[in-house]
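Survey of secondary and tertiary structure
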Amino acid sequence: FTFSIGGFAASRDEEAPTGKISESRLVVIDMLNQIRSDAALKDIASTAMRDPAVVVKLLDMANSPLYGLPRKVAGIEEAIMLLGRDALYRWLSLAMFHIEADNGRDHTLLVIALCRGALLEGLVGNADRQRADELFLVGLLSVIDSLLGQPMADILNRIRLPEQVAAVLLRNEGPYARYLQLAIMIERCRLDQAVVLAGAMQISPAALINCYREALGWASGELGK
């Protein structure tokens, strides 16, 4: 019952004790930082090998029929090279929610994060790929403080992010701030306010609703995998 009250899931409880980040999530954070800093492949692989769950998932992804390789990939460096840094970065961002997500609260946060990320990405589309990718991160990481049970500032001190992404997550500032506000308005059924804000951003109500519908569909599909 408490999960359904207000913004409980998406807002960190300031009165709750600060949580401790698990080793698995620390591995994911370290790998994210290494990719952002263009670290050597062997160093990223070495970090991944600190957590068996990460290794198993990366090898499973690399051996997917999607890549059509005639043999099985057994090495973690080869798997990372095959997946590519961009795809790996996005998977690691999602893995922050998947790893050790064994309760209803983490699952709820994943639904919120995926919907927000897909919505913000969809509002920009493929015309500006970098901007779309950064907005996806804004939506996805907007509830990371609630997930990890730590203040956003403490978490962002650990993760290297583009300045515009960090600005909206930490201070609700910058060019991406209105996009996150728009996602939250729709999420909380404040449609009249969302339409006004979307108009100011030159986004039509029809485009907004279509993007949100597609985001929900994509999020549901991801959770079903």
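Look up a bit, the structure's there.
These numbers were taken from a predicted model, which means no experiment stands behind them.

Analysis parameters
Counting of residues starts from 1 at the beginning of each chain's written sequence and follows it residue by residue. The model is predicted, so local features are restricted to residues of pLDDT at least 70 and side-chain atom pairs to those at 80 or more, both for listing and for counting; the totals for chains, interfaces and linings are taken over all residues. Note: side-chain values were computed over all heavy atoms of the structure, leaving out hydrogens and water. The way it works is that DSSP assigns letters per residue, a run of H or I at least four long becomes a helix, a run of E at least two long becomes a strand, and they are numbered from the N terminus. Using a 1.4 Å probe on the protein chains alone, a residue whose accessible area is under 20% of its type maximum counts as buried, one over 50% counts as exposed, and one in between counts as partly exposed. Contacts were defined at the residue level, with two residues in contact if any of their heavy atoms lie within 4.5 Å. All accessibility values rest on the Shrake-Rupley procedure with a 1.4 Å probe; residue burial counts only the protein chains present in the view. Among buried residues, the Ala, Val, Leu, Ile, Met, Phe, Trp, Tyr and Cys ones that are joined through side-chain atoms within 4.5 Å form a nonpolar core. Whenever a nitrogen or oxygen atom comes within 3.5 Å of another N or O atom, the pair is scored as a polar contact, on the condition that within protein one atom can donate a hydrogen and the other can accept it, and that pairs from neighbouring residues in sequence are kept only if both atoms are in side chains.

Next up on the list: the overall build of the protein. Within the protein, the regular secondary structure consists of 13 helices and zero strands. Counting across all 225 residues of the protein, residues that qualify as buried make up 47%. Intrachain contacts of the protein at a sequence separation of at least 6 include 62% that bridge at least 24 residues. For the protein, the exposed area adds up to about 11,600 Å²; of that, 54% sits on carbon and sulfur atoms.

So, about the nonpolar core. Ranked by internal contacts, the top residues of the largest apolar core, which has 80 residues, are Val54, Leu58, Phe97, Leu123, Ile144, Leu161 and Leu182. Counting residues per element, this core draws most heavily on helix 6 (residues 104–124), at 11 residues. In contact with leucine 58, not counting residues within four places along its chain, are Met31, Ala48, Ile76, Ala79, Ile80, Leu83, Leu88 and Trp91.

Bringing the side chain of glutamate 121 into the picture now. For glutamate 121, the position within the fold is in helix 6. With relative accessibility at 16%, the residue glutamate 121 sits in the buried group. Within the structure, the side chain of glutamate 121 is placed 2.5 Å from the side chain of arginine 129, a separation counted as a polar contact. In contact with glutamate 121, other than residues within four places in its own chain, are Arg90, Arg129, Ala132, Asp133, Leu135 and Phe136.

Read these as layout, nothing more, since geometry by itself doesn't imply function.
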